[in-house]
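One letter stands for each residue in the lines below.
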Amino acid sequence: MQEQLQALRAQFDTALRQAEDSTALEALRVGFLGKKGHVAGLMQHLREFSGEAKKEAGLLINRLKDDIAQALSLRAEALRQAELDKLIQSAGQYDTSRPPQAPAGSYHPITLTQRELERIFIGMGFAVEDYNEIVNEYQCFESLNIPKHHPARDMQDTYYLDNGQVLKTHTSAAQNAIMRKYGAPLRAIFPGRCFRNESIDACHENTFFQMEGIMIDRDISISNLIYFMKTMLSEVFRQDIKVRLRPGFFPFVEPGFELDINCLICGGEGCPTCKNSGWLELCPCGMIHPRVLEMGGIDTEEFTGFAFGLGLTRLAMMRYGIKDIRDLNAGNLKVLEQFPS
Ligand code: DAH
């Protein structure tokens, strides 16, 4: 019996050394300790013994069984540790101070539209300028030929600050500063957020975006204005857009126009967005009033220019088929993240 036990022990030790993973170890456990395993086989032989000898042989077999079980669990633990080490190493370098990867955000449809316009105008030689959201009354009104008690101020009721400054009602408020900054000749666009005391509905907001543009040079005429507007719109919409030009009054241009585009939401049939007219006022424009040029330090003997104030918010609505202007300012990510960049 002794010899059989020793042989079995040796056989087990060899097999244990060769077991490389937990699967091999489990096979070993079944082979030695399982119901039909080697140890169970030895137990069968006990029948051949009796008395003290049988008792002693039983003890020895049990001790072997315990030893094998213990060796298996030690080896299992060592293997688990080795597998863990391997896993950590295979994960390569890691940096405990690295911030977690946040899901990527998406651009606001107005940002997307603004960038597209900037790209188009830069391609036509325009500079892109930024300007304040808080301006003084001179910048917002007087420098644009809208004196203090002029009725045109009523069209642009805004928010006055205690110090007399205003939240700019239109991007035109930057015209004077930009003329003074560059002088003539000049081509610039200046997008910006504007504010008005409006009652809010599907197409009016108290906070919205415009993109102003001015071009001042020798011999600039209405033809230049129409050319630039048409080129810009056909690039933005990547299709032929129906436009109409109507006379419009703005104290800082003469003559002044309203440039309307056929409503892309209803195709001209009439819907709440276009107030059932089939047309949307998109881009008021005109030839810059000589007095405005003068206040900007431009020599009106030599230079003329055109200006336009594109409704950036409205353009974004047309471009993406956004029916309600309030969706743009509501900050609802479920809506905003749907726009392709
Ligand atoms: N500033 C005007 C507004 O917001 C729009 C405008 C009209 C801008 C005519 C212009 C222009 O540059 O030529 O109502």
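Residues numbered from 1 in each chain as written. Predicted model: local features only at pLDDT ≥ 70, side-chain atom pairs only at ≥ 80, totals over all residues. Heavy atoms only, no water.

(A) The arrangement of the nonpolar core in detail. One finds Leu117, Ile261, Phe308 and Leu310 to be the most contacted residues of the largest nonpolar core, which totals 44 residues. If you list the elements that add at least two residues to this core, you get α5 (109-123), β5 (207-217), α8 (222-237), β7 (253-262), β8 (279-288), β9 (304-311) and α10 (312-320). Broken down by element, this core gets its largest block of residues, seven residues, from α8. Apart from residues lying up to four places away in sequence, Leu117 is in contact with Ile189, Met211, Met232, Val236, Leu310, Leu312 and Leu315. Formed by 26 residues, the second largest nonpolar core is a distinct cluster that contains Phe141, Ile178, Phe252 and Val292. (Core = buried A, V, L, I, M, F, W, Y, C linked by side-chain atoms within 4.5 Å. Buried < 20%, exposed > 50% of the residue type's maximum accessible area, 1.4 Å probe, protein only. Helix = DSSP H or I, 4+ residues; strand = E, 2+ residues; numbered from the N terminus. Contact = heavy atoms within 4.5 Å.)

(B) Representation of the pairing of strand β4 (residues 186-195). With respect to burial, β4 is a largely interior element, eight of its ten residues being buried. As judged from the two bridges shared by strand β1 (residues 127-128) and β4, these two strands associate in the parallel manner. By the bridge assignment for β4, Ala127 is matched with Ala188. The pairing of β4 with β5 spans ten bridges and is classified as antiparallel. Of the residues in β5, the one forming a bridge with Pro191 is Met211. (Pairing = 2+ DSSP bridges.)

(C) Focus on the sheet that holds β8. Taken in spatial order, the seven strands line up as β1-β4-β5-β9-β8-β7-β6 in an open sheet, and their pairing is mixed. The open sheet has two free edges, formed respectively by β1 and β6 (243-247), since each of these has just one partner strand. The pairing of β8 with β9 spans three bridges and is antiparallel. Paired with Met287 across the bridge in β9 is Phe306. Seen against the sheet, α5 touches β1, β4, β5 and β9 and runs at an angle of roughly 170 degrees to β4. Of the strands in this sheet, β4, β5, β8 and β9 are in contact with helix α7 (residues 175-182), which crosses β4 at around 150 degrees. (Axes fitted to C-alpha atoms, helices over the stretch in contact; angles between N-to-C directions.)

(D) Up close: the packing of helix α3 (residues 38-45) against helix α4 (residues 51-90). One can describe the packing of α3 onto α4 by two numbers: an axis separation of 10 Å at closest approach and a directional angle of 175 degrees. One finds that α3 runs roughly antiparallel with respect to α4. Facing Val39, Leu42 and Met43 of α3, the residues of α4 in contact are Ile61, Asn62, Leu64, Lys65 and Ile68. Counted by class, the contact of α3 with α4 contains six nonpolar, one polar and one charged residues. (Parallel < 35°, antiparallel > 145°, perpendicular 65-115°, else oblique. Nonpolar A, V, L, I, M, F, W, Y, C, P; charged D, E, K, R; others polar.)

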